[in-house]
Amino acid sequence: MIVSKAFEATELGGQRLANRIVMAPMTRSRAYGPGQSATELMAEYYAQRASAGLIITEGTQPSVIGQGYPDTPGIHSEEQITAWRKVTDAVHAKGGVIYLQLMHTGRVGHPSLMGLTPVGPSPVKAKGQVYTHTGPQDFVTPQELTEDEIQATIADYATAARNAVEAGFDGVELHGANGYLIHQFLAPNSNTRTDAWGGAPENRIRFAVETAKAVAEAIGADKTGFRISPANPYNDIAETDRTDVDATYTALVDALAPLGLAYLHQMEAPEVRDLTLRLRKAWPTTFILNPFTGMEPTGPEELKLIDDGTADLIAYGGLFLANPDLPTRLKQGGPFNTPDRATSFGGDHTGYTDYPTLD
């Protein structure tokens, strides 16, 4: 039996969490309901994992143009709001707390998915391919957002946040990581603008900060979280200059800190623990860490990062996918089901709601 502060209750944005173990956001591409809406199967999936101190849902598009993958859910229509209510009701019935992650994919996507050309801070095509209903396809050159379109996109985030609260979510997380739209504004290789939204770090952080302000004003700062992944190369992000990375994310955290957001959630890239510790020290509220563990999923050994003060909460991805009762298994030191990567995206209940619990 593992003894750790991770299993103690805590508070987040004025809400009680049963423990300090977070279910990380994971795209599962099973929003088969009308208009990319949640399903009964999704409600079952999240309810199974309600013993987490906090659930953060899969990335959810705040607008039609924000969709980058097949069968990912939205939160921009009435039918989507109604469908998500079944999920939040199911999680709350089990005593869980659940935040919706708002993910605008920006240049990551393809016209075949939504009949629209993806958008981004600059007309810079990402290297690589994206999966579509007809198989992998090369990324396309995005349309550069105009000043008016930037403001409209920020407003879309705020409206989506209000929709999430209407759907029963306890809060939202802004996805500023993994090479999606907010991260595209932060990174110098995807943001080549020369106006007030690009160039120096204080300009590249502007979209992130303005979006956070708009969402906090819409639903309350205590219901708003923010995710980052400094130096993460996913989706052709090139944050390779450590001096620029440190300057950018220090400026971002310094600008976000006065807003009083519920939490900062860092997905840690290799060799940035020194930056992690500085950001953690500068952040005034809850700090969630999805620690870098190489090729292995975050496991029981990472619980010590709560005990030594590196983080307030630890986020688990792969292990939570395969272990609905993960907090219990962590406390007992295992055993753990192994995630089946072949069933991660799309499909039916297989590899989704059929993973066994200890009992």
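Residues numbered from 1 in each chain as written. Predicted model: local features only at pLDDT ≥ 70, side-chain atom pairs only at ≥ 80, totals over all residues. Heavy atoms only, no water.

Peer 1: Help me understand the overall build of the protein in this model?
Peer 2: Within the protein, the regular secondary structure consists of 12 helices and 14 strands. Taking 21 Å as the expected radius of gyration for a compact globule of 359 residues, we find that the protein reaches 19 Å, a close match to that expectation. Oriented by its inertia axes, the alpha-carbon framework of the protein measures out at about 55 × 45 × 35 Å. Buried residues in the protein amount to 60% of all 359 residues. The long-range fraction of contacts in the protein, counting pairs at least 24 apart against all pairs at least 6 apart in sequence, stands at 70%. Here the protein displays about 13,400 Å² of accessible surface, and carbon together with sulfur accounts for 52% of that area. Here the protein holds 28 positive side-chain charges and 43 negative ones, and the gap between their average locations is 4 Å. (Helix = DSSP H or I, 4+ residues; strand = E, 2+ residues; numbered from the N terminus. Rg over C-alpha atoms; globule rule 2.2 N^0.38 Å. Buried < 20%, exposed > 50% of the residue type's maximum accessible area, 1.4 Å probe, protein only. Contact = heavy atoms within 4.5 Å. Areas by Shrake-Rupley, 256 points an atom, 1.4 Å probe, with all protein chains shown as cover. Lys, Arg positive; Asp, Glu negative; His and termini not counted. Charge placed at Lys NZ, Arg CZ, Asp CG, Glu CD.)

Peer 1: Mind showing me how you'd approach the confidence of the model for the protein here?
Peer 2: Where the model shows low pLDDT, its predicted coordinates should not be examined in detail. Considering every residue of the protein, the mean pLDDT works out to 97; 100% of them sit at 70 or more. Per-element mean pLDDT across the protein ranges from 91 in helix 3 (residues 111–114) up to 99 in strand 5 (residues 98–102). (pLDDT = per-residue confidence, 0-100.)

Peer 1: Just checking my understanding: could you explain the sheet that holds strand 14 (residues 313–316) for this structure?
Peer 2: Adjacent strands of a sheet form backbone hydrogen bonds with each other and so pair up, either parallel or antiparallel. Strands sit in the order 3-4-5-10-11-12-13-14 around a closed barrel of eight strands; the barrel is parallel. Mean inter-strand twist for the sheet, computed between neighbouring axes without regard to direction, equals 25 degrees. Where strand 11 (residues 224–228) lies against strand 12 (residues 263–267), four bridges are found, and the strand directions are parallel. Bridge pairing in strand 12 places Arg 227 opposite His 265. Lying over the sheet, helix 1 (residues 40–48) contacts strand 3 (21–23), strand 4 (54–60) and strand 5, oriented at roughly 145 degrees with respect to strand 4. (Pairing = 2+ DSSP bridges. Axes fitted to C-alpha atoms, helices over the stretch in contact; angles between N-to-C directions.)

Peer 1: So what exactly am I meant to see when it comes to the pairing of strand 11 here?
Peer 2: If a strand is regular, its side chains alternate between the two faces of the sheet. Counting buried residues along strand 11, five of its five residues qualify, which places the element largely inside the surrounding structure. Residues Thr 224, Phe 226 and Ile 228 of strand 11 are buried on one face, and the alternating residues Gly 225 and Arg 227, pointing to the opposite face, are buried as well. Of the strand pairs in this sheet, strand 10 (residues 171–176) and strand 11 are connected by five bridges, and their pairing is parallel. The residue of strand 11 that forms the bridge with Val 172 is Thr 224.

Peer 1: Explanation requested: helix 7 (residues 206–219) in the structure shown.
Peer 2: For the α-helix, the turn length of 3.6 residues means that residues three or four positions removed from each other point alike. Helix length check: helix 7, at 14 residues, gives a terminal C-alpha distance of 20 Å against a target of 20 Å (1.5 Å per residue), a fit within 8%. Taken together, the buried positions of helix 7 are Phe 207, Ala 208, Val 209, Thr 211, Ala 212, Ala 214, Val 215, Ala 216 and Ile 219. The elements touched by buried residues of helix 7 are helix 4 (147–166), strand 10, helix 5 (181–186), helix 6 (201–204), strand 11 and helix 8 (242–256). Count one or two residues on from helix 7 and you reach Gly 220, which has phi positive near 105 degrees. (Expected span 1.5 Å × (residues − 1).)

Peer 1: Would you explain the pairing of strand 13 (residues 286–290) in this entry?
Peer 2: Most of strand 13 is tucked away, with five of its five residues classed as buried. Burial along strand 13 is two-sided: Thr 286, Ile 288 and Asn 290 facing one way and Phe 287 and Leu 289 facing the other are all buried. The sheet contact formed by strand 12 and strand 13 spans five bridges and is parallel. Residue Met 267 lies in a different strand from strand 13, and its bridge partner there is Asn 290. Handedness of the crossover joining strand 12 and strand 13 through helix 9 (residues 273–282) is recorded here as right-handed. Summarising the sheet, strand 13 and strand 14 pair through two bridges and their orientation is parallel. When the bridges of strand 14 are listed, Ile 288 appears paired with Leu 313. (Right-handed = clockwise from strand over helix to strand, strands pointing away.)

Peer 1: Could you clarify how one ought to interpret the packing of aromatic side chains in this entry?
Peer 2: Any aromatic ring pair is given by two values, namely how distant the centres are and how the planes are angled relative to each other. Under the criterion given, the structure shown has seven aromatic pairs. Judged by centre distance (4.3 Å) and plane angle (15 degrees), the rings of Phe 185 and Phe 207 are stacked. Remark: Phe 207 occurs in helix 7 and Phe 185 occurs in helix 5; sequence separation between them is 22 residues. As far as burial versus exposure is concerned, Phe 185 and Phe 207 are alike and both buried. The lysine or arginine in question, Arg 206, covers the ring of Trp 197, its NZ or CZ lying 3.7 Å from the ring centre. (Phe/Tyr/Trp six-rings, centres within 6.5 Å; stacked < 30°, edge-to-face > 60°. Lys NZ or Arg CZ within 6 Å of the ring centre and 35° of its normal.)

Peer 1: Help me out: how do you make sense of the pattern of salt bridges in this one?
Peer 2: If the charged atoms of two oppositely charged side chains come close together, the side chains can form a pair. A complete count under the given rule lists 13 salt bridges for this structure. Note that Lys 86 and Glu 40 form a salt bridge whose closest N and O atoms lie 3.5 Å from each other. Here Glu 40 lies in helix 1 and Lys 86 lies in helix 2 (residues 78–93), a separation of 46 residues in the sequence. We note a salt bridge from Asp 312 to Arg 280, for which the minimum N-O separation is 2.9 Å. One end of the pair, Asp 312, is in the loop between helix 10 (304–307) and strand 14; the other, Arg 280, is in helix 9, and 32 residues separate them in sequence. When its relative accessible area of 18% is taken as the criterion, Arg 280 is described as buried. Here the salt bridges share partners, and the residues they tie into one network are Arg 242, Asp 246, Asp 274 and Arg 278. (Salt bridge = Lys/Arg side-chain N within 4 Å of Asp/Glu carboxyl O.)

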